[in-house]
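# Residue-level structure breakdown
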Amino acid sequence: MNRPLLGVLLGLVLGALDGSTAWFTAPELRPEVLGIVFGSCTKGLLVGLVTGFAVRKTGSLLRGLVVGTIVALAFTIPIAIMNANYYDNATYYWKIILPGAITGMLVGYATVRYGRRAQPRGA
Amino acid sequence: MNRLSDEALAHLRDVTERPELPGDRYEIHERLGRGGMGTVWRATDRELARDVAVKVMTLPAASDRERGRLQREAHILARLEHPGIVPIHDIGQLADGRLWYAMKLVRGVALDRAVESVSALPARLRLFLRLCETVEFAHVQGVIHRDLKPANVMVGPFGEVLVMDWGVAKVLGEPEEGEPAAPPSAGAADASGGAATDGGAATDSTSPGTVLGTPGWMAPEQAAGRAHTVDPRADVFGLGRILHALVGSEPPRRLAAIVARAEASRPEDRYGTASELAADIDRFLSGTAVSAYREGALEKLGRLVERHRVAILLLLAYVVMRSLLFLWGDR
Ligand SMILES: Nc1ncnc2c1ncn2[C@@H]1O[C@H](COP(=O)(O)OP(=O)(O)OP(=O)(O)O)[C@@H](O)[C@H]1O
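Bear in mind that the values here come from a model prediction, so they are computed numbers and not experimental data.

Conventions we followed
- Residues numbered from 1 in each chain as written.
- Chains lettered and ligands numbered in written order.
- Predicted model: local features only at pLDDT ≥ 70, side-chain atom pairs only at ≥ 80, totals over all residues.
- Heavy atoms only, no water.
- Helix = DSSP H or I, 4+ residues; strand = E, 2+ residues; numbered from the N terminus.
- Rg over C-alpha atoms; globule rule 2.2 N^0.38 Å.
- Contact = heavy atoms within 4.5 Å.
- Areas by Shrake-Rupley, 256 points an atom, 1.4 Å probe, with all protein chains shown as cover.
- Lys, Arg positive; Asp, Glu negative; His and termini not counted.
- Charge placed at Lys NZ, Arg CZ, Asp CG, Glu CD.
- Salt bridge = Lys/Arg side-chain N within 4 Å of Asp/Glu carboxyl O.
- Buried < 20%, exposed > 50% of the residue type's maximum accessible area, 1.4 Å probe, protein only.
- Pairing = 2+ DSSP bridges.
- Axes fitted to C-alpha atoms, helices over the stretch in contact; angles between N-to-C directions.
- Buried area = accessible area lost by both parts, 1.4 Å probe.
- Polar contact = N/O pair within 3.5 Å; in protein donor to acceptor, adjacent residues only side chain to side chain.

## Examining the overall build of chain A
- Broken down by element type, chain A carries 5 helices and 0 strands.
- Its helices and strands taken in sequence order, chain A reads α-α-α-α-α from the N to the C terminus.
- Against the compact-globule benchmark of 14 Å for 123 residues, chain A has a radius of gyration of 15 Å, which places it among compact chains.
- In terms of overall dimensions, chain A has a C-alpha envelope of 55 × 20 × 15 Å along the principal axes.
- Put simply, of all contacts in chain A between residues at least 6 apart along the chain, 73% involve residues at least 24 apart.
- Summed over its atoms, the accessible surface of chain A is roughly 6,500 Å², and 72% of this surface lies on carbon and sulfur atoms.
- Across chain A, the centroid of the 11 positively charged side chains sits 28 Å from that of the 4 negatively charged ones.

What follows is the structure, given as structure tokens:
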């Protein structure tokens, strides 16, 4: 499977799983869990797509890890700030940023490790 | 003092034995080595302004069979155009009747010496894979090497692997004129036990004479004097011996099983082709199941964990982090 597509699928699945953990980790948000899962899926999809595209030609797993983390942080930090301000609850920083970063790493690593590498132009 | 005189003697011998190639295209320099039927010299091709290696029959009075072998080797080199086989450039005859041919000069070292500086097993196996590719190519062209051993494999400065010394190769479908099939002395069927090539004296080079091949490296069926009937599996045996030497004394079980299958005594117990052997090495390298080894459920689990180690660690990190956030997140 090519890397952008694999990134999208992984992002969707991990995003869905990550979003649904809110049911346990933030019981006060249970009424909104569907919206959270939807948002998390969308974020996962975008992170997966951007990461998969950015690492489509690399042969380096480390690069995959780093790119995945950076892309995930780029999407997660603004969301974490918005949520923390909206709910006036600083723990949302960690609850959103940390899982986001690790899933980003996972997406970056897995797309390079298991996705098909795109051939450089002209090859 | 002694050393100096030895050197001087060697130099003198070089100069007196230096062949005179007809014309002035090639300038012969020092001797690179001597094999069973020929001596190899470094030379300069003045026309193309490059260094080449020139192999010249050692003895002017060599038998027709030796002439035939050198000629056949030249023809085989010409036929096998592959990055893993030295290309031949020219062929001719000296005034005294000796045959010679010019080929690419290989600036490398023999495999056994090359791997001294390659300690990582995967890197060694990748070198071996290149060797398998070349041998498979030759087999597809109908040529069986029959004398695979580390000394006949050169590794270049860029990691290029070259299979040398096609002097005893067999071309499938072509009769081998004048090659005797006399069985060797007692014990020769045991290839690892140092089968004799020439009247019982085990040497490390391919002697022209009775059994074709090198004791310790050739397949048992070849050591038993059936060199004419061998098929590609004889080379699979040679590859197996080389692999054995490359992997050290305590290889992982799956790799040991690959070695054992490649160097099995009976041809029918070996891999059928060099590419089947290569495919198993590839599987070993990528952490998938190899055909030579039946693993138990636990071994399989261990291999899968090893193969997907990083992904599993990341997932675990995620679960641990989530659990910690769950337990202490609101404090
Ligand atoms: N193309 C080459 N470039 C550089 N060195 C070479 C080349 N071909 C052969 N040699 C050197 O010359 C030596 C003699 O080679 P040759 O092919 O005649 O026989 P061998 O492999 O040593 O022995 P045998 O033919 O008895 O198995 C080799 O060991 C190698 O070091």
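The rest of the description comes next.
## Description of the pattern of salt bridges
Residue and element names in this part refer to chain B.
- Following the criterion strictly, the structure yields 18 salt bridges over all chains and no others.
- Between Glu-268 and Arg-266 there is a salt bridge, with the nearest N and O atoms lying 3.8 Å from each other.
- According to the relative accessible area criterion, Glu-268 is exposed, its value standing at 51%.

## Brief notes about the sheet that holds strand E3 (residues 50-57) of chain B
All names here are of chain B.
- In spatial order, the strands read E1-E2-E3-E5-E4; together these 5 strands make up an open sheet with antiparallel pairing. Only two strands of the sheet have a single neighbouring strand rather than two, namely strand E1 (26-34) and strand E4 (88-93). Sheet twist, expressed as the mean angle between neighbouring strand axes with direction ignored, is 25 degrees.
- Examined bridge by bridge, E3 and strand E5 (residues 99-104) share 5 bridges and lie antiparallel to one another. Across the sheet, Val-54 pairs through a bridge with Ala-102, a residue of E5.
- Against the sheet, helix H2 (residues 64-79) makes contact with E3, E4 and E5, and its axis sits at roughly 25 degrees relative to E5, the strand it touches most.

## A word on the interface of chain B and chain A
- On the chain A side, the residues contacting the 14 residues of chain B number 17 residues.
- For the chain B and chain A pair, buried surface summed over both sides reaches about 1,500 Å², with 68% attributable to carbon and sulfur atoms.
- Of all residues in chain B, the largest losses of buried area upon contact with chain A belong to B:Leu314, B:Tyr318 and B:Arg322, amounting jointly to 37% of the total for that side.
- Viewed at the interface, chain A and chain B are joined by 1 salt bridge.
- The tally of links between chain B and chain A comes to 5 residue pairs in polar contact (both at pLDDT 80 or more).

## What to know about the sheet that holds strand E6 (residues 109-110) of chain B
Residues and elements named next belong to chain B.
- On the basis of which strands lie adjacent, the open sheet formed by 3 strands has the order E6-E8-E9 and antiparallel pairing. One side of each edge strand has no neighbouring strand; the edge strands of this open sheet are E6 and strand E9 (161-163).
- Relative to strand E8 (residues 153-155), E6 is paired through 2 bridges, and the arrangement is antiparallel. Bridge assignment links Val-109 to a residue of E8, and that residue is Val-155.
- Across the sheet, helix H4 (residues 121-140) touches E8 and E9, and the angle it forms with E9 is around 40 degrees.

## A few points about the environment of B:Ala278
- With respect to the helices, strands and loops of the structure, B:Ala278 is situated in helix H8 (residues 274-286).
- Ignoring any residue separated from it by four or fewer positions in sequence, one finds B:Ala278 in contact with B:Leu129 and B:Cys132.

Fair warning: the whole summary comes from geometry, so function is off the table for now.
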